[in-house]
Amino acid sequence: MGICQVRECPKKRVWNSRHRRANLGGSLLENDLQLPRMTSIPTMTLQLPQLRLGSLELDFPVVQAALAGYSDWPMRVIARRLGAPYTMAEVLLDRFVLSVSRGRKVGRYIRVTDEERPCGAQLMGSASDECAAAAVKLVEAGFDVIDVNFGCPVKKVIGKGRGGYLLGEPKTAIEIVARVRDAVPPEVPVTVKMRRGVDDSRQSRDNFYTIFDGVFQHGAAAVIVHGRTVRQRYDGKSSWQFVREVKRHAGDRTVLGSGDLFTARKCLEMIAQTGVDGVTAARGAIGNPWIFQQARALAAGLAPIVPTLEQQRDVLVEHFRLAEATHGPTRACRRMRKFGIEYSRLHPQPDAVRAAFLTIANPVQWRKTLEQWYTEP
Ligand SMILES: Cc1cc2nc3c(=O)[nH]c(=O)nc-3n(C[C@H](O)[C@H](O)[C@H](O)COP(=O)(O)O)c2cc1C
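Reading the values: the criteria
Residues numbered from 1 in each chain as written. Predicted model: local features only at pLDDT ≥ 70, side-chain atom pairs only at ≥ 80, totals over all residues. pLDDT = per-residue confidence, 0-100. Contact = placed C-beta atoms within 7 Å. Buried ≥ 20, exposed ≤ 12 C-beta atoms within 10 Å, placed from the backbone. Helix = DSSP H or I, 4+ residues; strand = E, 2+ residues; numbered from the N terminus. Arc of directions from axis to C-beta. Pairing = 2+ DSSP bridges. Near = placed C-beta within 6 Å. Nonpolar A, V, L, I, M, F, W, Y, C, P; charged D, E, K, R; others polar. Expected span 1.5 Å × (residues − 1).

S.K.: Tell me about the confidence of the model for the protein, and name the residues and values.
M.R.: In this model, the protein carries a mean pLDDT of 88, and residues with pLDDT of at least 70 account for 88%. Low pLDDT, under 50, characterises residues 1–43; the stretch is placed with 81 contacts to residues that sit more than four places away or in other chains.

S.K.: Residue-level account of helix α11 (residues 240–250), with values.
M.R.: Among all positions of α11, only F242, V243, V246 and K247 are buried. Take α11 and look down its axis: the buried residues cluster within an arc of 140°, on one side only. With respect to the buried face of α11, the exposed residues turned more than 90 degrees away are R248 and H249. The inward-facing, buried residues of α11 contact β9 (190–197), α10 (202–217), β10 (222–229), β11 (254–258) and α12 (264–274). Residue G251 follows α11 closely and has a positive phi angle near 60°.

S.K.: Residue-level account of the pairing of strand β6 (residues 87–93), with values.
M.R.: Among the seven residues of β6, six are classified as buried, and the element is accordingly described as predominantly covered. Summarising the sheet, β6 and strand β7 (residues 119–124) pair through five bridges and their orientation is parallel. For T87, the partnering residue across the bridge sits in β7 and is C119.

S.K.: Before we move on, could you go through the site of the ligand and cite the residues and values that matter?
M.R.: Not every one of the 22 residues close to the ligand is listed here, only the nearest: A65, A66, V91, A282 and R283. Residues that form the shell around the ligand fall into these classes: eight nonpolar, 10 polar and four charged.

S.K.: Describe helix α9 (residues 170–183), with residues and values.
M.R.: In this model α9 runs 20 Å from its N-terminal to its C-terminal C-alpha over 14 residues, within 8% of the 20 Å that 1.5 Å per residue would give. Those residues of α9 that fall on the buried side of the exposure criterion are P170, A173, I174, I176, V177, R179, V180, R181 and A183. Tucked inside the fold, the buried residues of α9 contact α7 (128–141), β8 (145–150), β9 and α10.

Next up, the structure:
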C-alpha cells in the first residue's frame with residue numbers, strides 16, 4: 001500500500017499558456033475535474049491499493065471498463081498510451097467467439113496486440129460449456145484475463161438468459177465461472193462483472209452474495225461490482241454504499257468498483273470511500289482517455305493534466321487512424337462520430353463541435369472538422 005496525497009490545485013497552476021489561449025474556462029472538462037476556484041489547496045490522504053488480478057499485478061488501480069460499442073482495439077490502445085494500466089474489451093457473446101475463425105470480424109473484435117497488454121476479454125453466455133470453449137479461444141488469441149459478464153441489462157440479453165439475468169440464477173452463474181476457470185490455463189485470471197442485483201429485493205441481495213462467494217470459491221481472481229441493479233439500467237445513482245459493504249465482506253479478495261466515475265477525482269474518491277482495490281472508468285473514459293493520466297497525477301499530488309487543443313487533435317487523429325485500420329473507412333466514420341461527440345465535451349465550444357461531429361459521413365469530412373475546430377488560433 002502506498003500512501004499518496006490527493007491534492008486539488010488552483011486552476012491557474014493547471015493550465016499552460018496554450019490552454020489559456022484556447023479559453024477552456026467553463027468547459028465541461030473543468031467542471032468534470034472539479035477544479036476549485038479558490039486559492040487554498042485542500043488535500044486528502046489516500047492509501048492507494050496495489051491492484052492484483054490473480055497473477056497479474058497492475059501499477060495503478062484505475063483501469064478501463066468493458067464498454068460495448070466503444071472499447072475496441074483503437075480505444076484500448078489510446079487508453080493504454082494515456083496511462084490505463086489495464087483495459088477490457090467490449091463484451092462478446094460466447095457463440096459469436098465460437099463462430100468466427102478469421103477475417104474482418106476477428107480483426108475487429110478479437111484482436112489484442114502486445115502494445116495494449118495486459119488486456120481482458122469479456123464473455124457473456126448462458127451455457128457453461130460454450131463459455132468455457134469461447135474462453136479458451138480468447139486466451140489463444142492473446143487476452144490476458146477472461147471476465148464473465150453478469151451485469152448486462154439489455155432486454156434482449158436478459159430474455160436469452162444471459163448477462164444480468166444470471167444474477168437471479170446463482171447456480172448457473174457459479175457453474176459458468178467454474179467451467180471457464182477450469183478451461184483456461186491456471187495463470188490466466190478469471191474475473192466476474194456483477195451488478196448489485198436484479199432489483200432491490202432481499203432475494204436479489206442474497207443471490208448477489210451467493211454468487212460472489214461462489215465464484216471466489218471456484219477460483220475467480222476478482223469481482224467488479226457496478227452499484228446499480230439490472231432494473232435500474234443506467235438510471236439513478238450507483239450505490240457506493242453497497243460497493244463498500246461488498247469490499248468489507250470480501251476482506252482480502254479483490255473487488256473493483258464501478259458506477260458514476262465520470263472524473264479522475266471520482267475514481268480516487270471511490271477507492272477512498274469504499275476501500276475497493278481498484279475501479280473501472282467507463283463512461284468517464286469515453287472521449288476523455290486522459291482520465292487515466294489525470295488520476296495518476298491527482299494520486300501523486302500533482303495537478304491533473306488538461307489536454308490542450310493540440311493534444312486533443314493529436315489523439316483524435318490517432319484514434320481515427322487506428323479505427324480506420326481496424327474497421328475500414330465507413331465503419332470507422334460511424335464509430336468515430338460517436339467518439340467525436342464525446343471528445344467534444346473537452347472543447348471550449350462543445351456544442352458547435354458536437355454538431356460538426358454529428359454530420360460526419362466520410363474521412364474527408366472528419367479531417368476537415370479537425371482542421372476547422374482543432375487548430376490553435
Ligand atoms: C455504452 C456502454 C457500454 C457498456 N458495455 C459494457 C460491457 O460491454 N460490459 C460490461 O461489463 N459493462 C458494460 N457497461 C457498463 C460499464 O462498464 C459500467 O459498469 C457502467 O457504465 C457504470 O459506470 P459509469 O457510471 O462510471 O459509466 C457499459 C456501459 C455503457 C454506458
